[in-house]
Amino acid sequence: MTETPETPAAPESAASPAGTPGSGSLPPIAGKPKKEKKEDSFAVFLIKLVLVVAIFRSFIFSPFNIPSESMLPRLENGDYLLAAKWPYGFSSYSLPFGVPLLPHRILAGTPKRGDVVIFKAPPGNDVDYIKRVIGLPGDTVQMVGGVLHLNGKPVPKQRIEDFVIHVSANTNCISPEFEAVEKDGSPSCHYPQYRETLPEGKSYNVLDLGYRPQDDTPPVVIPENRLFLMGDNRDNSMDSRFPAVEGAGIGLVPMDNLIGRATIVMWSTDGSANWFLPWTWFTAARWNRLGGLF
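Residues numbered from 1 in each chain as written. Predicted model: local features only at pLDDT ≥ 70, side-chain atom pairs only at ≥ 80, totals over all residues. Heavy atoms only, no water.

On the basis of which strands lie adjacent, the open sheet formed by four strands has the order β7-β6-β5-β12 and antiparallel pairing. A strand with exactly one partner marks an edge of an open sheet, and here the two such strands are β7 (153-154) and β12 (220-221). As defined by bridge partners, strand β5 (residues 140-144) adjoins β12 across two bridges and the pair is classed as antiparallel. Paired with V141 across the two strands is V220, which belongs to β12. (Pairing = 2+ DSSP bridges. Helix = DSSP H or I, 4+ residues; strand = E, 2+ residues; numbered from the N terminus.)

This brings us to the state of the cysteines. For the structure shown, the criterion picks out one disulfide. Note on cysteine connectivity: C173 is disulfide-linked to C189, with sulfurs 2.1 Å apart. Taking the sign of the torsion about the S-S bond as the criterion, the disulfide between C173 and C189, at about -105°, is left-handed. Of this pair, C173 sits in the loop between β8 (157-166) and β9 (179-181) while C189 sits in strand β10 (residues 187-197); the two residues are 16 residues apart in sequence, bridging distant segments of the chain. (Disulfide = S-S within 2.5 Å.)

Moving on to unusual backbone geometry. With the exception of glycine, most residues fall at negative phi, and the peptide bonds are largely trans. Of the consecutive residues L72 and P73, the connecting peptide bond is found in the cis state with omega at 10°. Its location among the elements puts P73 in the loop between β1 (61-65) and β2 (79-84). Of note, the amide linkage connecting P122 to P123 takes the cis form, showing an omega dihedral of 5°. Residues other than glycine seldom take positive phi values, yet N125 does so here, at roughly 55°. With respect to the helices and strands, N125 occurs in the loop between β3 (116-120) and β4 (128-135).

A few words now on a nonpolar patch on the surface. Taken together, the side chains of Y80, M266, W267, W275, F276, L277, W279, W281, F282 and W287 define a hydrophobic patch exposed on the protein surface, amounting to about 1200 Å² of accessible area. The set of elements that each furnish at least two residues to the nonpolar patch consists of β15 (258-268) and α2 (280-283). Tracing the sequence through the fold places W267 in strand β15. For W267, a relative accessible area of 30% corresponds to the partly exposed category. (Patch = residues over 30% accessible without salt bridge, like charges linked within 9 Å, V, L, I, M, F, W, Y side chains within 5 Å. Areas by Shrake-Rupley, 256 points an atom, 1.4 Å probe, with all protein chains shown as cover. Salt bridge = Lys/Arg side-chain N within 4 Å of Asp/Glu carboxyl O. Buried < 20%, exposed > 50% of the residue type's maximum accessible area, 1.4 Å probe, protein only.)

Once that is clear, we can look at the pairing of strand β11 (residues 203-207). In the sheet, β10 pairs with β11 via five bridges, with the strands oriented antiparallel. When the bridges of β11 are listed, T197 appears paired with S203.

Here we take up the side chain of S168. Here S168 is to be found in the loop between β8 and β9. Within the local environment of S168, its side chain forms a polar contact with the backbone oxygen of D270, the two atoms lying 3.2 Å apart. (Polar contact = N/O pair within 3.5 Å; in protein donor to acceptor, adjacent residues only side chain to side chain.)

Below, the structure is given as structure tokens:
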């Protein structure tokens, strides 16, 4: 009969410390970490957090606020939105604070007509603007009597109901002819509104406040790596219809200036909030605008 060998006894040097029962117990874990190591760990956590936020803002999403009414009716002064950073690739302009780390755009992608884009406005390339993509490289863009023409063909423009926006700390009517009073006695602005549909089928609303000089422009052929951008508030937008002048027109915008594509409205305020009156943070919110997609 085969005998099962006995387990050899642990050597004396492996015995449990005095006062600890059981000769076969595992040795105890070393003493508690020193307080200094805990502080080091917290510092590492903060560094990791900063890196995660920087990567998120550089390559995934970044917040932007709307400071004007050039994109009415889609965007109102006081809207806050998230812009997707990856659709058009990455350049130094799309990095936080415009850090000059990328000499050229990488993973470049071309916008689609109708995209709402955030970009650095020429000629200074240091201020964020938001407009809609109208013309791509190779396109011919022209305004004729207030009607957009692409490649020699008019873009369908259908009159719909007036756009109504309440007067607030962020909003005043552009001129008295558009002022109105609602049934509840609140002042508002009523603007003529149209539905415009691009050749690809993309539709969006624009405002047309009457004839302006920019309603008739010469045909412009868009060169390579340039975009023709316009505001939806056609008579209150300094865009590619005007030459690039600091604080005014933007001319044809280089694709390298793109920062991201508008995706969702995450907050909106009418401007009446007071930092020292917390309840006004909620009464000033335009809740019906939250979650609006593009």
